[in-house]
Amino acid sequence: MIKRRLKHTLIFILFDGLSGGISWSLFFAYRKYIIESDKFGYKIPVELDKNFYLALILIPIYWITLYFLAGHYKDVWRKSRINEISKTFTVTVIGVILLFFALLLDDEVRSYQSYYKSILALFALNFGLTIFFRLIGASIIKGKLRAGKIGFNTIVVGNNQKSLQLVQELLREGSTQGNIFKGFVSLNGDAYDHILKDILPNLGNYKDLPSLITRYEIEEVIIGIESSKHADINNVTNVLEDQQVVLKIIPDLYDMMSGQVRMNNVIGAALIEINHDSMPQWQKIIKRGLDVFSSLLILTLFMPIFMIIALAVKLGSKGPVFYKQIRLGYKGKPFHIFKFRTMITDSEVAGPMLSSANDSRITPVGKWLRKYRLDEIPQFFNVLIGEMSLVGPRPERKFFIDQIVKLAPHYKHLHRVKPGITSWGQVKYGYAENVDQMVERLKFDILYIENRSIAIDLRILIYTILTVVQGKGR
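Report follows, based on the coordinates. Keep in mind it's a predicted model, so treat the numbers as computed, not measured. (Residues numbered from 1 in each chain as written. Predicted model: local features only at pLDDT ≥ 70, side-chain atom pairs only at ≥ 80, totals over all residues. Heavy atoms only, no water.)

### Description of the overall build of the chain
Across its full length, the chain carries 17 helices and 10 strands. Contacts spanning at least 24 positions in sequence make up 73% of the contacts within the chain whose residues lie at least 6 apart. Carbon and sulfur atoms form 62% of the exposed surface of the chain, whose accessible area is close to 25,300 Å². (Helix = DSSP H or I, 4+ residues; strand = E, 2+ residues; numbered from the N terminus. Contact = heavy atoms within 4.5 Å. Areas by Shrake-Rupley, 256 points an atom, 1.4 Å probe, with all protein chains shown as cover.)

Now the structure itself:
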């Protein structure tokens, strides 16, 4: 299935490039026959010079890059034709405007109205050809999904009347959404084993989902209970935290009234897709670009200040200038976090301990560094090499994570994103002195992950800068 999906993705990319090349060729002729001929008063011949052939290579690459940044190639099997039209329209508008200012603004024209004609012609040609090929491709894929020739390996969670009705609807001829059911798992034992066993094989309990996903190459998990049963849904989502699957649940009337259910498929069953990836691909690229740029800028421009801080740490107490510690980051992978040392050496001889406001282990220089959060500066190196980001949940040690998970299993959701130098939880709550405070701070970090965007990152950074300037850290 993976190879076939990759093949279909490459076909979409190929036709997008072809659309870009054809539309630019037609537009090139339009500029000569219409725009320039109108300017000079006689027919301008179309000469295919080296600039034309260079553009014929670069323009398709330009469009493919824009579509990639907009997430058009993320999962071509899940394309909605309605959404495809609106997204293609938006990207084409942006792309045409950029091309106009880059290549067309210095054209020889009779009047400013010729610019409007050029923009409209380029938009119509590119959008028309692109959406034509895309709708054909999306329709072919939809047909193969409904025919069962391609699809998503799926497991149903739940063994009750609701899940039975759902499976029957999804299996009904002509209404399938491409689900290839491998079986079901139960939530509370097998007391209702008789309901689904005649349709799907029983694969065990929901706690077996991680191993089942690997064994059957599962891409989609559908929870066959209503969204109002929060405890059961939380249990399932916590088990699936580290799994790369699409998670869907049955909506109740409140979900429909509140607008959480989107009609992407008129024929198929109405389901809510739990999507934790709220940041578009283009914003992720910008976020990483800002991380790298800011890290290089700070590590370069503030080098003299770093040397002064390093000297102060060294003279202030015995021990190394830098302090490194193993933390868990993106997808739970361990990494070394770096800080300027703010505590005496051997400060944890009795085992891992969190610091407090009046911690005797903190050195005089360390108190000043913590007040202005200057001890965090070496973490810009972690950001530069991709282990951290400027904004993200603060990384913790496994020792404390194991304790937090006992109280709040959903803590694992934080590992969906890279940890950060600063976070919404830290801005709203500050540093935690014990596990209970870590759990209390957790809700702010969960809110950030579910709503993250470049705009929210900038807000958090502004509040962090104010905290540093005002010396409110500790």
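### Side note on the environment of Arg 81
Along the chain, Arg 81 turns up in helix H3 (residues 81–104). Accessibility expressed as a relative area gives 31% for Arg 81, which makes it partly exposed. For the pair Arg 81 and Gly 137, spaced 56 residues apart in sequence, the C-alpha to C-alpha distance is 9.7 Å. The contacts of Arg 81, once residues within four sequence positions are left out, are Leu 135, Ala 138, Ser 139, Lys 142 and Arg 146. (Buried < 20%, exposed > 50% of the residue type's maximum accessible area, 1.4 Å probe, protein only.)

### Describing unusual backbone geometry
For Glu 217, which is not glycine, the phi dihedral falls at a positive 55 degrees. You can see Glu 217 is positioned in the loop between helix H7 (209–216) and strand E4 (220–226). A residue is classified by how much of its surface remains accessible, and Glu 217, at 58% relative accessible area, is exposed. Of note in this structure, Arg 373 is not a glycine but carries a positive phi near 55 degrees. Within the fold, Arg 373 resides in the loop between helix H12 (364–371) and helix H13 (379–384). By relative accessible area, which is 12% here, Arg 373 ends up buried.

### What to know about helix H10 (residues 281–301)
With 21 residues, H10 should cover 30 Å at 1.5 Å per step; its first-to-last C-alpha distance of 30 Å lies within 8% of that length. Contacts from the buried residues of H10 go to helix H11 (303–316), H13, strand E9 (389–391), helix H16 (435–451) and helix H17 (454–470). (Expected span 1.5 Å × (residues − 1).)

### Structural notes on the nonpolar core
Membership of the largest hydrophobic core comes to 35 residues, with the highest contact counts inside it found for Ile 309, Phe 340 and Ile 377. Elements that contribute at least two residues to this core include exactly H11, strand E8 (334–340), H13, E9, helix H14 (398–407), H16 and H17. In terms of residue count, H16 provides more of this core than any other element does, 6 residues in total. Leave out the neighbours within four places in its chain, and Phe 340 touches Phe 306, Ile 309, Ala 310, Val 313, Val 321, Phe 322, Leu 369, Leu 374, Asp 375, Ile 377 and Pro 378. Of all hydrophobic cores here, the second largest spans 26 residues; its members include Val 76, Leu 104, Tyr 115 and Phe 152. (Core = buried A, V, L, I, M, F, W, Y, C linked by side-chain atoms within 4.5 Å.)

### Observations regarding helix H5 (residues 161–171)
For H5, the set of buried residues is Ser 163, Leu 164, Leu 166, Val 167 and Leu 170. In a view along the axis of H5, the buried residues occupy a sector of 165 degrees, so they form one face of it. (Arc of directions from axis to C-beta.)

### Concerning the pairing of strand E1 (residues 152–157)
Where burial is concerned, most of E1 is hidden: 6 out of the 6 residues are buried. Residues of E1 alternate between two faces, with Phe 152, Thr 154 and Val 156 on one and Asn 153, Ile 155 and Val 157 on the opposite face, all of them buried. By the bridge criterion, 6 bridges tie E1 to strand E2 (residues 179–186) in an arrangement that is parallel. Residue pairing across strands places Ile 155 opposite Gly 183, the latter belonging to E2. (Pairing = 2+ DSSP bridges.)

### Digging into the environment of Gly 158
Assignment of secondary structure puts Gly 158 in the loop between E1 and H5. Gly 158 sits 28 residues away from Ser 186 along the chain, and the two C-alpha atoms are 4.8 Å apart.

The values reported here are purely geometric and, on their own, carry no functional implication.
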